[in-house]
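Analysis of the macromolecular model
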Amino acid sequence: MENYKLSGVDVDAGYQAIDLIKTHVKSTVRQGVFSSIGGFAGLFSLGAFKHMEEPVLASGTDGVGTKLKIAFVMDKHDTVGIDCVAYSVNDIICTGAEPLYFLDYIATDKVYPEKIGQIVSGVAEGCRQAGCALIGGETAELPGLYNENEYDLAGMAVGIIDKKDIIDGSKISGGDVLIGIASSGLHSNGYSLVRKIIQPNMENVSRYIAEFGKTMGEELLMPTKIYVNTIKGLISAVPVKGISNITGGGFLENVPRMLSDNLQARVKIGSWDVHPIFSYLEREGRIEREEMHNIFNMGIGLAICVAEEHVDATMAKLSEMGDAAFVIGDVQKSEAGGLVYV
């Protein structure tokens, strides 16, 4: 006689996983949440934003990508959830919007309740760092689609901003200055290349790397920095004209996203502190320096654009908030557009 469990789906394990994550979800509750886990939809009230003249919702979605392969090798699952939240909220904050809530999606070959609990603990930590609520999600048990003990992790965030306050790069002009805010490391980009260079097996990820001050695995699983509080604090003090999240495609793809067609970003290579992991990958992978900047963040998580007269105030505010920052270039009028390295 056939049943669902014999086909590879354990409903009871799913119930156990939900019980384990309830505490993590509860820890992210903020004003506006008025639903609890287990319903068909997560509910969030916008009543607290009636003061806005024209409220606009901002949304972002992303996954962790092949960085998960490192988590599988190390059997460590309590940090990748931070990455999952970071990529959505860091995109949202580039518009100046405040993240409100987050939903996650975990797909796996088989539900192991404790592992799901670890993953969601990281998602909840990311939500706490971003000040948003985890109001729902889905754990899908998909036997035959994923390899044993593997999973995928993705999510989406929704934020809000008054239309008049949206940061969209439209005020950027020639002569403005680019400031880079330090990353925490690789974040979650370029891991297909990283894995090709490092060959992440248990022996390799367990090696202590003196230049990192930690094991290879610890460096590779370093969570993505969440910039929500940094940008909220900065835009309350300084007129910020544009913000770029340095994600997949490095500087070449992401910095021009905040510029109009008649402007060109000029990024000065060597104007900031590069994390040791990037120097290691460049050396071991024999990758050209410019190519490194077109793949990885190279130690800069966000690039912001301000008027020249606001540079000192911007640097002072970032320092006050504990963020390392560097003047990394400028913006000039150019029909060629895009980005050049100088």
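Please refer to the structure higher up on the page.
Throughout what follows, the structure given in this document is the object of discussion. (Residues numbered from 1 in each chain as written. Predicted model: local features only at pLDDT ≥ 70, side-chain atom pairs only at ≥ 80, totals over all residues. Heavy atoms only, no water.)

1. Some remarks on the sheet that holds strand 8 (residues 242–245)
- One open sheet accounts for six strands, arranged 8-10-5-11-9-12; its pairing is mixed. Unpaired on one side and paired on the other, strand 8 and strand 12 (339–341) mark the two borders of the sheet. Looking at each pair of strands side by side, their axes are set apart by 25 degrees on average, direction ignored.
- The sheet contact formed by strand 8 and strand 10 (residues 300–306) spans four bridges and is antiparallel. (Pairing = 2+ DSSP bridges. Helix = DSSP H or I, 4+ residues; strand = E, 2+ residues; numbered from the N terminus. Axes fitted to C-alpha atoms, helices over the stretch in contact; angles between N-to-C directions.)

2. Quick notes on the packing of helix 3 (residues 80–93) against helix 4 (residues 113–130)
- With their axes 6 Å apart at the nearest point, helix 3 and helix 4 run at an angle of 40 degrees to one another. Crossing handedness for the pair helix 3 and helix 4: right-handed. Contacts between helix 3 and helix 4 involve Gly81, Ile82, Val85 and Val89 from the former and Ile119, Gly122, Val123, Glu125, Gly126, Cys127, Gln129 and Ala130 from the latter.
- Classifying every residue of the contact of helix 3 with helix 4 gives seven nonpolar, four polar and one charged. (Left-handed = near helix turned anticlockwise from the far one by under 90°. Contact = heavy atoms within 4.5 Å. Nonpolar A, V, L, I, M, F, W, Y, C, P; charged D, E, K, R; others polar.)

3. Here we look at the environment of isoleucine 21
- Mapped onto the fold, isoleucine 21 is located in helix 1 (residues 11–26).
- Sequence spacing of isoleucine 21 and valine 111 is 90 residues, and the spatial spacing of their C-alpha atoms is 13 Å.
- Not counting residues within four places of it along the chain, the set of residues in contact with isoleucine 21 comprises Ile37, Ile116, Gly117 and Val120.

4. Some remarks on the pairing of strand 5 (residues 177–182)
- In terms of burial, strand 5 is a largely internal element, six of the six residues being buried.
- Pairing of strand 5 with strand 11 (residues 325–333) involves five bridges; the strand directions are antiparallel. Following the sheet pairing, leucine 178 is matched in strand 11 by glycine 329. (Buried < 20%, exposed > 50% of the residue type's maximum accessible area, 1.4 Å probe, protein only.)

5. A word on the side chain of serine 88
- Its location among the elements puts serine 88 in helix 3.
- In this view, serine 88 contacts Gly60, Thr61, Asp62, Phe102, Gly155, Met156 and Ala157; residues no more than four positions away in its chain are not counted.

6. Concerning the packing of aromatic side chains
- Here the structure, examined in full by the defined rule, presents five aromatic pairs.
- Taken together, a centroid distance of 6.0 Å and an interplanar angle of 50 degrees make the contact between phenylalanine 278 and phenylalanine 296 tilted. Of the two residues, phenylalanine 278 is situated in helix 10 (residues 276–285) and phenylalanine 296 in the loop between helix 11 (289–293) and strand 10; the sequence distance between them amounts to 18 residues. (Phe/Tyr/Trp six-rings, centres within 6.5 Å; stacked < 30°, edge-to-face > 60°.)

7. Here's the deal with the pairing of strand 11
- Alignment of strand 9 (residues 263–267) against strand 11, held across five bridges, turns out to be antiparallel. Its bridge partner being in strand 11, alanine 265 is matched across the sheet by valine 331.

8. Describing unusual backbone geometry
- Although it is not a glycine, aspartate 75 adopts a positive phi angle of roughly 50 degrees.
- Locating aspartate 75 in the fold gives a position in the loop between helix 2 (68–74) and helix 3.
- Aspartate 75 gets classed as exposed once you look at its relative accessible area, which sits at 52%.
- Positive phi is not limited to glycine here, since methionine 298 has a value of about 55 degrees.
- Its location among the elements puts methionine 298 in the loop between helix 11 and strand 10.

9. With respect to the sheet that holds strand 2 (residues 98–108)
- Taken in spatial order, the four strands of this open sheet run 1-4-2-3, and their pairing is mixed. Two strands close off the open sheet at either side, each with one partner strand: strand 1 (55–63) and strand 3 (133–141). Pairwise comparison of adjacent strand axes, ignoring direction, gives a mean angle of 15 degrees for this sheet.
- Docked against the sheet, helix 3 engages strand 1, strand 2 and strand 4 (151–162), running at close to 30 degrees with respect to strand 4.

10. Let's talk about the pattern of salt bridges
- A complete count under the given rule lists 15 salt bridges for this structure.
- The partner of lysine 225 in a salt bridge is aspartate 323, with the nearest N and O atoms 3.2 Å apart. Taken together, the positions of lysine 225 in the loop between helix 7 (216–220) and helix 8 (228–235) and aspartate 323 in the loop between helix 12 (311–320) and strand 11 put the pair 98 residues apart, joining distant regions of the chain.
- Residue lysine 225 is classed as partly exposed on the basis of its relative accessible area, which comes to 26%.
- One salt-bridge network, held together by shared partners, links Glu211, Arg283 and Glu284. (Salt bridge = Lys/Arg side-chain N within 4 Å of Asp/Glu carboxyl O.)

11. Overview of helix 12
- Within helix 12 the residues assigned to the buried category are Val311, Thr314, Lys317 and Leu318. Along the axis of helix 12, the buried positions cluster into a sector of 135 degrees, meaning they face one direction only. Residues of helix 12 that are exposed and point over 90 degrees away from its buried face: Asp312, Ser319 and Glu320.
- Just downstream of helix 12 lies glycine 322, where phi reads positive at about 85 degrees. (Arc of directions from axis to C-beta.)

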